[in-house]
Amino acid sequence: MGNFCGRCGCRLEPRSGLCPKCDSARIRKRKWLLPMLLILALAIVGIFVFPKAAAPALPEESTVPETTQIAQWPQVELVTDAFFDDTFAGIEQHGYSLQRNPFYYHIPQINLNLPGIKKINADIYQELYEMLSVDGFPEQAPFTRCLAYTVGEKEDIISILVCAYDRFYSGYTEDGQYAQYGDDHYYIVYNVNRKTGEYVTDEELLAIYGFTPESFRDYITGALTSKTHEFFMNNGMFSVSEDITQEDEWTQEWYIKLWNESISEEYKSKAMPYIDAATGDLCIAATIPVINSDGIEGATMNLTGTSEPADPETYRDVTVQWS
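Owing to the predicted nature of the structure, the values given are computational and were not obtained by experimental measurement.

Caption draft 1: Fine view of the overall build of the protein chain. When its secondary structure is counted, the protein chain shows seven helices and eight strands. Taken over 323 residues, the protein chain has a buried fraction of 38%. Here the protein chain displays about 20,000 Å² of accessible surface, and carbon together with sulfur accounts for 54% of that area.

Structure (structure tokens):
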């Protein structure tokens, strides 16, 4: 009778050995206690086995990783090429070697979104492209071996110095006269205000360096005299000693004539002030009277520093587009 209750004779439960009648309260308690123990056991296992889910950060605690910040557009250079040409890079011309005559042409444009800049860029392009069309790349071979520029900045002013190298012109002048002439260096200067998008006057640029137009013209006398002397001593036509007073009367007359011309109001008024790209110094691009060639030559001079002004042809690699 081991499978029957000794008190009431009912069959005992096979697993628990309890009487369904006499032990009913204990049986009910076991029915809910076992599931609860099972749930508790599973919960404990879950804590140690499964990773804890990350709680979302509060809005004030949210941060954006640096790698997901909005990407910045590559900074566009202030002045880049509006036109670049290397078509004639493989042509030998005027008896020079290819190394001497690279034949690369750069026309600048200012990359500022201002109303006046569009017109300034059009002015620059028209002037330089028309010049190249005449003496740069006519039908067979160019008469100008290189066109390059530098860009100087000081405060709100941008200075673009353009140089045409070994420029040879053959055509008609404004008054209808046929003319031929050549320049080793032919300079053009564009001074622009980067805030207003307008051309800058010489007076505005000079004021940054403490000059008035009158004091500027007086100040450049020494620079023009020195450059005239340099060109005269390296004229390529005849040998001249350092002591001009020892030369013959004809040579002395030439020297005095060129010196007087270079410091005349006519030549001073043609001096173009600009900001040097390498140093920020005030420089001028000027025309100097010379003996050989067509009687004039372009040159640059540093007025407020001691270094030579940056040369557009060597300041950057002229064989690639500047962008």
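Caption draft 2: Local environment of the pairing of strand S1 (residues 79–85). Most of S1 sits inside the fold, with five of its seven residues counted as buried. When S1 meets strand S2 (residues 104–110), the two strands line up antiparallel, connected through six bridges. Residue pairing for S2: Phe83 is matched across the bridge by Ile107.

Caption draft 3: Quick look at a negative patch on the surface. On the surface, a cluster of negative charge is made up of Glu203, Glu204, Glu214 and Asp218. When residues of the negative patch are traced back to their parent elements, those giving at least two are helix H3 (202–208) and helix H4 (213–233). By the element assignment, Asp218 lies in helix H4. You can call Asp218 exposed: its relative accessible area is 58%.

Caption draft 4: Molecular detail of the environment of Phe83. Relative to the helices and strands, Phe83 resides in strand S1. On a C-alpha basis, the gap between Phe83 and Ile107 in space is 5.0 Å, while along the polypeptide they are 24 residues apart. Setting aside anything within four residues of it in sequence, one finds Phe83 in contact with Tyr105, His106, Ile107, Tyr125, Tyr129, Leu132 and Phe137.

Caption draft 5: Local environment of the nonpolar core. Val79, Tyr105, Ile110, Leu128, Leu147, Ile160 and Val162 are the most contacted members of the largest nonpolar core, which totals 38 residues. Contributing elements (two or more residues each) for this core: S1, S2, helix H2 (115–135), strand S3 (146–154), strand S4 (157–172), strand S5 (178–193) and strand S7 (282–289). With seven residues, S4 is the largest single contributor of residues to this core. Not counting residues within four places of it along the chain, the set of residues in contact with Val79 comprises Pro108, Gln109, Ile110, Asn111, Tyr149, Val151, Ile158 and Ile160. Counting 19 residues, the second-largest nonpolar core is a separate cluster that includes Leu205, Ala286, Ile288 and Ala299.

Caption draft 6: Spatial organisation of the sheet that holds S1. Across the sheet, which stays open at both edges, the five strands sit in the order S1-S2-S3-S4-S5 with mixed pairing between neighbours. Sheet topology places S1 and S5 at the edges, where each strand pairs with a single neighbour. The mean inter-strand angle of the sheet, taken between neighbouring strand axes irrespective of direction, is 25°. In this sheet, S4 lies alongside S3 in antiparallel orientation, the contact comprising nine bridges. For Cys146, the partnering residue across the bridge sits in S4 and is Tyr165. H2 rests against S1, S2, S3, S4 and S5 of the sheet, and its axis sits at about 165° to S2.

Reading guide: rules and limits
Residues numbered from 1 in each chain as written. Predicted model: local features only at pLDDT ≥ 70, side-chain atom pairs only at ≥ 80, totals over all residues. Heavy atoms only, no water. Helix = DSSP H or I, 4+ residues; strand = E, 2+ residues; numbered from the N terminus. Buried < 20%, exposed > 50% of the residue type's maximum accessible area, 1.4 Å probe, protein only. Areas by Shrake-Rupley, 256 points an atom, 1.4 Å probe, with all protein chains shown as cover. Pairing = 2+ DSSP bridges. Patch = residues over 30% accessible without salt bridge, like charges linked within 9 Å, V, L, I, M, F, W, Y side chains within 5 Å. Salt bridge = Lys/Arg side-chain N within 4 Å of Asp/Glu carboxyl O. Lys, Arg positive; Asp, Glu negative; His and termini not counted. Charge placed at Lys NZ, Arg CZ, Asp CG, Glu CD. Contact = heavy atoms within 4.5 Å. Core = buried A, V, L, I, M, F, W, Y, C linked by side-chain atoms within 4.5 Å. Axes fitted to C-alpha atoms, helices over the stretch in contact; angles between N-to-C directions.

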